[in-house]
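If you want the building blocks of each chain, they are given just below.
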Amino acid sequence: MIAIKLPKEQKEEIVKRVQAYFEEERSETIGVLAAEQLTDFMLKELAPYLYNKAIADVRGLLAEKFGQIEDELYAMEKPIRR
C-alpha cells in the first residue's frame, strides 16, 4: 500500500485536532511533533483498513447501480412477435 501523503494544510489541521483531542479528552498537552508522529502512525496503520472499507462500499454501490441499469435495459427491450 502506498503511504498517504496529505496536503500540508490538511495535515496541519489534523495535527491541531489531535492536539485539541488530547487537551479536551485526556487533559494532556502534546506538542506539534508528537501530534504529527501520532498522525503519521495512525495514517500508516489505519489507511489499509479504511481504504479496503471504501473499496467494499463502492463495490456494493456499483453492484446496486448496475443492477438498476440492467433492469432498465430489460425494460427497454422490444417484444419480438412470432
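Nothing here was measured: the structure is a model prediction, and the numbers come from that model. (Residues numbered from 1 in each chain as written. Predicted model: local features only at pLDDT ≥ 70, side-chain atom pairs only at ≥ 80, totals over all residues. Heavy atoms only, no water.)

Engineer: So, the pattern of salt bridges: which residues are in play, and what are the values?
Structural biologist: Overall, the coordinates contain 3 salt bridges when judged by the stated rule. Its salt-bridge partner being Lys11, residue Asp40 comes within 2.6 Å of it at the nearest N-O pair. Taken as a pair, Asp40 in helix 2 (residues 32-76) and Lys11 in helix 1 (residues 8-26) lie far apart in primary sequence, 29 residues in all. On the basis of relative accessibility, which here comes to 35%, the residue Asp40 falls in the partly exposed class. Between Asp57 and Lys53 there is a salt bridge; the shortest N-O distance is 2.6 Å. Taken together, the positions of Asp57 and Lys53, both in helix 2 and 4 residues apart, correspond to about one turn of that helix. Owing to a relative accessible area of 42%, Asp57 belongs among the partly exposed residues under this scheme. Taking the relative accessible area as the measure of exposure, Lys53 reaches 49% and is therefore partly exposed. (Salt bridge = Lys/Arg side-chain N within 4 Å of Asp/Glu carboxyl O. Helix = DSSP H or I, 4+ residues; strand = E, 2+ residues; numbered from the N terminus. Buried < 20%, exposed > 50% of the residue type's maximum accessible area, 1.4 Å probe, protein only.)

Engineer: Explain the nonpolar core residue by residue, including any values.
Structural biologist: Formed by Val15, Val18, Phe22, Ile30 and Ala35, the largest nonpolar core amounts to 5 residues. In terms of residues, this core owes the most to one element, helix 1, which gives 3 residues. Beyond its immediate stretch of four places on either side in the chain, Val18 contacts Ile30, Ala35, Leu38 and Thr39. (Core = buried A, V, L, I, M, F, W, Y, C linked by side-chain atoms within 4.5 Å. Contact = heavy atoms within 4.5 Å.)

Engineer: Quick rundown of the packing of helix 1 against helix 2? Include the residues and the values.
Structural biologist: The description of two helices packed together rests on the angle between their axes and the distance between the axes. At a closest axis distance of 9 Å, the pairing of helix 1 and helix 2 adopts a crossing angle of 105°. By the angle class used here, helix 1 and helix 2 are roughly perpendicular. Here Lys11, Ile14, Val15, Val18, Gln19 and Phe22 of helix 1 come into contact with helix 2, specifically with Val32, Ala35, Glu36, Leu38, Thr39 and Asp40. Class assignment of the residues belonging to the contact of helix 1 with helix 2 gives a composition of 7 nonpolar, 2 polar and 3 charged. (Axes fitted to C-alpha atoms, helices over the stretch in contact; angles between N-to-C directions. Parallel < 35°, antiparallel > 145°, perpendicular 65-115°, else oblique. Nonpolar A, V, L, I, M, F, W, Y, C, P; charged D, E, K, R; others polar.)

Engineer: Which residues make up the environment of Glu12, and what values do they have?
Structural biologist: If you trace the backbone, Glu12 turns up in helix 1. In this structure the C-alpha to C-alpha distance between Glu12 and Glu36, which are 24 residues apart in sequence, comes to 8.4 Å.

Engineer: I'd like a description of helix 2, backed by residues and values.
Structural biologist: Leu46 marks where helix 2 bends most, by close to 45°; the proline Pro48 follows one to four residues later. Within helix 2 the residues assigned to the buried category are Ala35, Thr39 and Ala47. In this fold, the buried residues of helix 2 make contact with helix 1. (Bend = angle between axes of the 7 residues up to and from the residue.)

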